[in-house]
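So the chains spell out like this:
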Amino acid sequence: MSHTGSGIVLLGGGVVGLTTALLLRQRGVEVTVVERSLIGREASWAGAGMLPPGRAMTAESAEVRLRSFSCLCWSELNDLLQRLTGADNGYRICGSCVLADAAEEAEREAARWASEGVLAEVLDGGSLRQRFPMLSAACSAAVWLPEFAQVRNPWHLQILRSACESAGVSIVENAGDASLECGSGRITAVRTADRVLYPTAVCLTSGAWTGGLLEQFGVQSRIKPIRGQMVLMRVGAGWLPGVVECGRRYLVPRHDGLLLAGSTEEDVGFCRENTVAGVRGLLEFACELVPELAVAPIVKTWAGLRPGTPDGLPLLGRVAGCENLYVGAGHFRSGLQMSPGTARILCDLMLDGRSPISLEGLQVERFSAGVWKGASCER
Ligand SMILES: Cc1cc2nc3c(=O)[nH]c(=O)nc-3n(C[C@H](O)[C@H](O)[C@H](O)COP(=O)(O)OP(=O)(O)OC[C@H]3O[C@@H](n4cnc5c(N)ncnc54)[C@H](O)[C@@H]3O)c2cc1C
């Protein structure tokens, strides 16, 4: 059993934990990431890597605020990763075509984006097919978002890990379920099977698993796993000239000719298996949008567990009643997009005691009995 003082401990090595660790280390802090199994192999690996734009950091909506702040932080993070590793994380501005049922809906959607200061162009059937000739004739209206980006999340995670290691972050993998020991209103130790760490602060970046950890502090996070299935196909480079979104499903082309079709939203506990119905639904969706996909080879299928919350937004901040315990979890469908902003916020909160943007609507205790202050939008 090893006993070490370990600075700030992040419990969970997904995109949120690794990005936060890197930023903390950049500020000279000793940091340890404790990962229950393997670094970067859960939701952050499974996601599509879509990064919607945002430019309204003072918006009333917490979602818009955090998305916009994160958008700004992506370019800083990319520069840092490039400097530390020289590797390509697949970040590309690729644009996204958001399909609408009718012209009026496309106009409303475009106006919503424009009100945030985001570029948005309404496409009618003709201009839609000019840009995306392979789309089915049934697609008659859309909004084109030219600033929409994507990242190759499996590459991004590997690069984050390398950057963390080269910057001096300690990484403990296969740690199993760590327990937190408390005394006098603070975490005094983090205990795993083979070591005890004595942290100055602890941050829970444990994705869909964070709820159980928070319960011992009286916080009802209501974070639960929501399975998302994916199908990867091969179509050829440049075949689809941007992301296509239709409701909560999408096609995401990679620059090397792969194409993702995603995704399902299933409340089935911690089960990561693909199902016949899930994969069939995605293939039917893909072929309805782009009939030619019927002959595309399938490369792979997988499923991941999004950390879902009732309002789809993360719990972000310090846990009341425990002076050195923080949370950054529950990002549901947006954890890759929101990871650089979340990491900056956690870093500033832990080191300076203040957040660079308002955290109204993202409070850790908002779902706990008697404390809930947000809008009711249960799914
Ligand atoms: C199919 C799918 C598509 C998606 N598409 C997108 C997208 O296009 N854009 C986007 O922005 N987001 C997307 N997401 C959502 C995004 O992937 C998640 O919101 C994000 O990855 C959450 O990151 P995380 O670091 O909080 O969680 P995770 O990546 O799940 O990492 C949490 C880590 O904590 C570890 N852990 C758990 N408990 C403990 C413990 N007690 N001790 C130590 N370690 C622990 C886990 O093993 C895991 O490695 C998608 C998700 C899925 C599943």
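Residues numbered from 1 in each chain as written. Predicted model: local features only at pLDDT ≥ 70, side-chain atom pairs only at ≥ 80, totals over all residues. Heavy atoms only, no water.

### Observations concerning the overall build of the chain
Threshold: Only DSSP runs of H or I covering at least 4 residues are called helices, and only runs of E covering at least 2 are called strands; the numbering of each starts at the N terminus. Between the two quantities, the radius of gyration covers C-alpha atoms and the globule rule is 2.2 Å times the number of residues to the power 0.38. Relative accessibility under 20% of the residue-type maximum defines a buried residue, over 50% an exposed one, and the middle range a partly exposed one, all with a 1.4 Å probe and only protein chains included. Pairs of residues are marked as contacts when any of their non-hydrogen atoms sit within 4.5 Å. Only the protein chains shown count as cover for residues, with accessible areas throughout obtained via the Shrake-Rupley method and a probe of 1.4 Å. In this tally Asp and Glu are treated as negative and Lys and Arg as positive; neither His nor the chain ends contributes. Charged groups are reduced to one reference atom each: NZ for lysine, CZ for arginine, CG for aspartic acid, CD for glutamic acid.
Looking only at helices and strands, the chain features nine helices and 21 strands. The globule rule puts the C-alpha radius of gyration for 379 residues at 21 Å, and the 21 Å found for the chain is close to it. Relative to its full complement of 379 residues, the chain shows a buried share of 55%. For the chain, the share of sequence-separated contacts (at least 6 apart) that also reach a separation of at least 24 residues comes to 74%. When the accessible area of the chain is evaluated, it comes to approximately 15700 Å², of which 51% is carbon and sulfur surface. Treating the 36 positive side-chain charges of the chain as one cloud and the 39 negative ones as another, the clouds have centres 3 Å apart.

### Some words on the domain arrangement of the chain
Interface size is often expressed as the accessible area that is lost when the parts come together. Note the threshold: Where a domain begins and ends is set by an automatic assignment or by a domain database. Two parts placed together each lose some accessible area under a 1.4 Å probe, and the buried area is that loss summed for both. Salt bridges are defined by distance alone: a side-chain nitrogen of Lys or Arg within 4 Å of a carboxyl oxygen of Asp or Glu. N or O atoms closer than or at 3.5 Å make up a polar contact, with two conditions inside protein: a donor-capable atom paired with an acceptor-capable one, and, for residues adjacent in sequence, both atoms drawn from side chains.
Considered domain by domain, the chain is made up of domain 1 (2-88 + 153-223 + 311-352), domain 2 (96-146) and domain 3 (224-308). Once you take the C-alpha centre of each, domain 2 and domain 3 turn out to be 21 Å apart. With 11 residues of domain 2 at the interface, the matching set in domain 3 holds 13 residues. Buried area between domain 2 and domain 3, both sides added, is near 950 Å², and the carbon and sulfur share of it is 66%. Here domain 2 is connected to domain 3 by zero salt bridges. Our count for the domain 2 to domain 3 interface comes out at five residue pairs in polar contact (both at pLDDT 80 or more). For the side of domain 2 that touches domain 3, the leading source of residues is strand 6 (residues 96-100), giving four residues.

### Remarks on the pattern of salt bridges
Overall, the coordinates contain 22 salt bridges when judged by the stated rule. Two residues, R36 and D177, come together in a salt bridge whose shortest N-O distance is 3.1 Å. Linking R36 in the loop between strand 3 (31-34) and helix 2 (43-46) with D177 in the loop between strand 10 (170-172) and strand 11 (179-183), this pair joins segments that are 141 residues apart in sequence. Given the relative accessible area of 35%, R36 is considered partly exposed. Given a relative accessible area of 62%, D177 falls into the exposed group.

### Describing the site of the ligand
Short version of the rule: We define proximity as follows: a residue is near a molecule or strand when any one of its heavy atoms falls within 4 Å of that partner.
Neighbouring residues of the ligand: 38 residues in total, closest E35, S44, M50, F332 and Q337. Contacts to the ligand include E35, whose side-chain N or O atom sits 2.6 Å from an oxygen atom. Contact between the ligand and G335: an oxygen atom at 3.0 Å from a main-chain N or O atom of the residue. For the ligand, whose free accessible area comes to 1000 Å², the fraction covered by protein is 98%. Put simply, the parts of the chain that give the shell around the ligand at least two residues each are helix 1 (15-26), helix 2, strand 15 (224-234), strand 19 (298-308) and helix 9 (335-352). Lining the shell around the ligand are residues from two domains, each supplying at least three of them: domain 1 (2-88 + 153-223 + 311-352) and domain 3 (224-308).

### Notes on the nonpolar core
Under the convention used in this document: By convention a nonpolar core is built from buried Ala, Val, Leu, Ile, Met, Phe, Trp, Tyr and Cys residues, the set being connected through side-chain atoms within 4.5 Å.
Membership of the largest hydrophobic core comes to 70 residues, with the highest contact counts inside it found for L22, L24 and I345. Those residues in contact with L22, other than ones at most four positions away along the chain, are L77, L80, L81, L84, L160, A163, C164 and A167.

### Some points on helix 9
Formally: A helix's residues, less one, multiplied by 1.5 Å, set its expected span. A residue's bend is given by the angle between axes fitted to the 7 residues ending at it and the 7 residues starting at it.
The terminal C-alpha atoms of helix 9 lie 24 Å apart, and with 18 residues this matches the ideal 26 Å at 1.5 Å per residue to within 8%. Maximum bend of helix 9: about 35 degrees, positioned at G341. Looking one or two residues beyond helix 9, the residue adopting positive phi is G353, at roughly 75 degrees.

### Some remarks on the sheet that holds strand 17 (residues 249-253)
This is how the line gets drawn: One bridge is not enough; two strands pair if DSSP finds at least two bridges between them. All axes are obtained by fitting lines to C-alpha atoms, using only the stretch in contact for helices, and the reported angles, taken between N-to-C directions, cover 0 to 180 degrees.
With mixed pairing, the eight strands of this open sheet are ordered in space as 7-8-6-16-17-18-15-19. Each edge of the sheet is formed by a strand with only one pairing partner; in this case those strands are strand 7 (121-124) and strand 19. When the angles between neighbouring strand axes are averaged without regard to direction, this sheet yields 20 degrees. As defined by bridge partners, strand 7 adjoins strand 8 (residues 141-145) across four bridges and the pair is classed as antiparallel. Residue pairing in the sheet places V122 in a bridge with V143 of strand 8. Helix 4 (residues 103-115) contacts strand 6, strand 7 and strand 8 of the sheet and is inclined by roughly 20 degrees relative to strand 8. Against the sheet, helix 8 (residues 276-289) touches strand 6, strand 15, strand 16 (243-246), strand 17, strand 18 (258-262) and strand 19, its axis set at about 50 degrees to strand 15.

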